[in-house]
Amino acid sequence: RRKMRWLPWAVAAVAMIAVGALAAAIVSGWTSRSSPRVLRAAIMAPDGASFMFYGDEAGPPVISPDGNYIAFSALDEHGAVKLWVRALSQDSAHVVQGTENAKFPFWSPDSKDLAFFAGGKMKRVPVNGGPVVTLCDAPNARGGAWGVKNTMIFTPDTQSPIYEVAAEGGTPRPVTKINEAVHTTHRWPRFLSDGKRFIYLAENHNLPVSDTNGLFVGSVDGGESRFLISSTSDA
């Protein structure tokens, strides 16, 4: 009986601790949601450099999946084209070493690495420093994407289908098939969130304003792609 008298008080103490923890969690969640995020929306070219956003050797800006960084190609004062990365909360960008002549960059799903094309190869590099890894041949690439299942899809040449390769490198395999009676190229692939399906642009170089040019949905499993909408640009 003497021990049982302590039971209500013990239950009450546990209940108070639980209520306190819940209140702290609610306040913490409310505070984190209401805290403003710093965002430097004016993105200027680095000092002495100029953006390389357009053309066959371009490095258009790409935002990291976590929304915190932007990567782009720029031509510096010495005439060298390199990849630059800037935190969107900061005012300045830094060069990613080993990315000379890089074009068409794209991010890893965890926002820690960048893939790009240079010297007829597809490569990857950690954004905060590390060795550049050559993955496979890409003589005249037209875009790529890095999926959540740690595979990449890319167009290695101007008139080729889309290929898949492991993010660690290896032998690429085609995942689309060009109907040469209709199109001459599949390019600018973009993974959907399932890491399996992707959107790409199919075009005919000889008929640049054809209704058959447009966006298609494909899959790394292969098979027939599905027409989505007429277009002359990527998604």
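Residues numbered from 1 in each chain as written. Predicted model: local features only at pLDDT ≥ 70, side-chain atom pairs only at ≥ 80, totals over all residues. Heavy atoms only, no water.

K.L.:
Describe the sheet that holds strand E11 (residues 151-154), with residues and values.
P.N.:
Sheet architecture is open: 4 strands sit in the order E10-E11-E12-E13, paired in antiparallel fashion. The open sheet has two edge strands, strand E10 (144-146) and strand E13 (173-174), and neither has a second partner. (Pairing = 2+ DSSP bridges. Helix = DSSP H or I, 4+ residues; strand = E, 2+ residues; numbered from the N terminus.)

K.L.:
How would you sum up the side chain of Arg-86? Please name residues and give values.
P.N.:
In this structure, Arg-86 sits in strand E4 (residues 81-87). We note that Arg-86 is buried and unpaired, the nearest opposite charge coming from Asp-91 at a distance of 5.4 Å. Only 3.3 Å separates the side chain of Arg-86 from the backbone oxygen of Ala-42, close enough to count as a polar contact. Leave out the neighbours within four places in its chain, and Arg-86 touches Arg-40, Ala-42, Ile-43, Met-44, Asn-68, Tyr-69, Ile-70, Asp-91, Ser-92 and Ala-93. (Buried < 20%, exposed > 50% of the residue type's maximum accessible area, 1.4 Å probe, protein only. Lys, Arg positive; Asp, Glu negative; His and termini not counted. Salt bridge = Lys/Arg side-chain N within 4 Å of Asp/Glu carboxyl O. Polar contact = N/O pair within 3.5 Å; in protein donor to acceptor, adjacent residues only side chain to side chain. Contact = heavy atoms within 4.5 Å.)

K.L.:
Provide a residue-level description of the sheet that holds strand E15 (residues 197-203), including the pertinent values.
P.N.:
One open sheet accounts for 4 strands, arranged E14-E15-E16-E17; its pairing is antiparallel. Sheet topology places strand E14 (185-191) and strand E17 (226-230) at the edges, where each strand pairs with a single neighbour. Direction aside, the axes of adjacent strands within the sheet are offset by 30° on average. The sheet contact formed by E14 and E15 spans 5 bridges and is antiparallel. The residue of E15 that forms the bridge with Arg-187 is Leu-201. (Axes fitted to C-alpha atoms, helices over the stretch in contact; angles between N-to-C directions.)

K.L.:
So what's going on with the environment of Pro-131? Which residues, and what values?
P.N.:
Locating Pro-131 in the fold gives a position in the loop between strand E8 (121-126) and strand E9 (133-137). Owing to a relative accessible area of 63%, Pro-131 belongs among the exposed residues under this scheme. Through-space distance from the C-alpha of Pro-131 to that of Gln-97 is 8.7 Å; in sequence the pair is 34 residues apart. With near-sequence residues (within four places) excluded, Pro-131 lies in contact with Arg-124, Val-125 and Pro-126.

K.L.:
Go over the environment of Phe-106 with me, naming the residues and quoting the values.
P.N.:
Positionally, Phe-106 belongs in strand E6 (residues 103-107). Separated by 42 residues in sequence, Phe-106 and Ser-64 have C-alpha atoms that sit 8.3 Å apart. Discounting chain neighbours no more than four positions away, the residues touching Phe-106 are Asp-113, Leu-114, Ala-115, Phe-117, Met-122, Gly-144, Ala-145, Trp-146 and Met-152.

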